[in-house]
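# Reading the structure
Spelled out from the first residue to the last, the chains are:
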Amino acid sequence: MKIVYLLVKYLTLPGTFLQAFFEHLTCRAYEVLIEDGRYLRANEMCGHIEHELVRKRSTAFGICFFPFLFNLIVGLVLTAAGAVPVLYLGEWFTSGGSIHIFNFLFLWVGVSALTNLFPQTEDALTLKELLYGKQTRPNLFLRILASPVFAVLYAGSYLQKWGVTLLSSAAFAYLYPYLLAAFLPQLYNALR
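First things first, this report covers the structure right here in the doc. (Residues numbered from 1 in each chain as written. Predicted model: local features only at pLDDT ≥ 70, side-chain atom pairs only at ≥ 80, totals over all residues. Heavy atoms only, no water.)

### Remarks on the overall build of the chain
- Helix and strand counts for the chain stand at 8 helices and 2 strands.
- Each helix and strand of the chain, placed in order from N terminus to C terminus, yields the pattern α-α-β-β-α-α-α-α-α-α.
- Once the C-alpha set of the chain is aligned to its principal axes, its extents read approximately 65 × 40 × 30 Å.
- Looking at the chain as a whole, 44% of its 192 residues are labelled buried.
- Accessible area for the chain stands at about 10,700 Å²; split by element, carbon and sulfur atoms hold 70% of it.
- The centroid of the 14 positive side-chain charges in the chain is displaced by 8 Å from the centroid of its 11 negative side-chain charges. (Helix = DSSP H or I, 4+ residues; strand = E, 2+ residues; numbered from the N terminus. Buried < 20%, exposed > 50% of the residue type's maximum accessible area, 1.4 Å probe, protein only. Areas by Shrake-Rupley, 256 points an atom, 1.4 Å probe, with all protein chains shown as cover. Lys, Arg positive; Asp, Glu negative; His and termini not counted. Charge placed at Lys NZ, Arg CZ, Asp CG, Glu CD.)

Structure, rendered in structure tokens:
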């Protein structure tokens, strides 16, 4: 499975690089010691930053959540910029007959950012231990409040490990203009 993971990571190189960059920024913001700052490696740390073990709940949550949030925003914006013109408006070529390279570039970078949303599995397990472990028991309100976000991050980290996020991101990119059309009537009229 390591080959599938690395293949997906290198096919979605812009998203892999963005994820590692946002993890690096988040570690710096939380003053977490970075042990290995290489972004692209040929192992399970590809697209992730190796950092010291985190012992605070807020820091563990921030290291898992903020790179997810930043990649999600970049992915949604660029996927919309590429999926609507390419997949639904049929703008494959310019008026001069050449390929609309920017539309395809936006689509590729957007899907690659959406593919690389989730934290490393070890970071998700650390967050699980700090939120729901027997050693550190936060109050019930905090556990209930954090459970939906944690569930998405935890499940996504395993899906990303198996390369499933590429398929889900591609499917989302295909359906994203319909979702946008539900909120933007002008886009709905253009799609009909």
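The discussion continues.
### Quick look at the packing of aromatic side chains
- Tallying each qualifying case throughout the model produces 12 aromatic pairs.
- Taken together, a centroid distance of 5.3 Å and an interplanar angle of 15° make the contact between Phe61 and Phe65 stacked. Separated by 4 residues within a single helix, Phe61 and Phe65 lie in helix α3 (residues 57-88), roughly one turn from each other.
- By relative accessible area, Phe61 is classed as partly exposed at 27%.
- Residue class for Phe65 comes out buried when judged on its relative accessible area of 18%.
- The structure contains a cluster of three or more aromatic residues connected by ring pairs, namely Phe21, Phe22, Phe61, Phe65, Phe66, Phe68, Phe70 and Phe118. (Phe/Tyr/Trp six-rings, centres within 6.5 Å; stacked < 30°, edge-to-face > 60°.)

### Details of the packing of helix α1 (residues 2-11) against helix α2 (residues 13-29)
- It is at 5 Å that the axes of α1 and α2 come closest, and there the two elements cross at 95°. In terms of their interaxial angle, α1 and α2 are classed as roughly perpendicular. Counting all contacts with α1, which are made through Lys9, Tyr10 and Leu11, the residues of α2 involved are Leu13, Thr16 and Gln19.
- A breakdown of the residues in the contact of α1 with α2 according to their chemical character gives 3 nonpolar, 2 polar and 1 charged. (Axes fitted to C-alpha atoms, helices over the stretch in contact; angles between N-to-C directions. Parallel < 35°, antiparallel > 145°, perpendicular 65-115°, else oblique. Contact = heavy atoms within 4.5 Å. Nonpolar A, V, L, I, M, F, W, Y, C, P; charged D, E, K, R; others polar.)

### Focus on the packing of α3 against helix α4 (residues 101-115)
- Two elements in contact, α3 and α4, have axes whose closest approach is 7 Å; the angle formed by their N-to-C orientations is 145°. Judged by the twist between their axes, the crossing of α3 over α4 is left-handed. Facing α3, whose interface residues are Asn71, Leu72, Val74, Gly75, Leu76, Leu78, Thr79, Ala81, Gly82, Ala83, Pro85 and Val86, α4 presents Asn103, Phe104, Phe106, Leu107, Val109, Gly110, Val111, Ala113 and Leu114.
- For the contact of α3 with α4, a count of residues per class yields 15 nonpolar, 6 polar and no charged. (Left-handed = near helix turned anticlockwise from the far one by under 90°.)

### Comments concerning unusual backbone geometry
- Notably, Glu31 is not glycine yet its phi reads approximately 55°, a positive angle.
- When you line up the elements, Glu31 lands in the loop between α2 and β1 (34-36).

### Some points on a nonpolar patch on the surface
- On the surface, Tyr10, Leu13, Leu40, Ile101, Phe102, Leu105, Phe106 and Trp108 cluster together into a nonpolar patch covering about 750 Å² of accessible area.
- On the secondary structure map, Tyr10 appears in helix α1. (Patch = residues over 30% accessible without salt bridge, like charges linked within 9 Å, V, L, I, M, F, W, Y side chains within 5 Å. Salt bridge = Lys/Arg side-chain N within 4 Å of Asp/Glu carboxyl O.)

### Some words on the environment of Trp162
- Considering the arrangement of structural elements, one finds Trp162 in the loop between α6 (140-161) and α7 (164-183).
- The spatial distance from the C-alpha of Trp162 to the C-alpha of Ile63 is 21 Å, given a sequence separation of 99 residues.

### Section: the nonpolar core
- Ranked by internal contacts, the top residues of the largest apolar core, which has 17 residues, are Phe68, Leu127 and Leu153.
- Elements with a minimum of two residues in this core: α3, α5 (121-132) and α6.
- If one sorts the elements of this core by residue count, α3 sits on top with 5 residues.
- Leaving out residues up to four positions away in the same chain, Leu127 has contacts with Arg57, Ala60, Phe61, Cys64, Phe150 and Leu153.
- Counting 5 residues, the second largest nonpolar core, distinct from the first, contains Ala83, Leu107, Val111 and Ala173. (Core = buried A, V, L, I, M, F, W, Y, C linked by side-chain atoms within 4.5 Å.)

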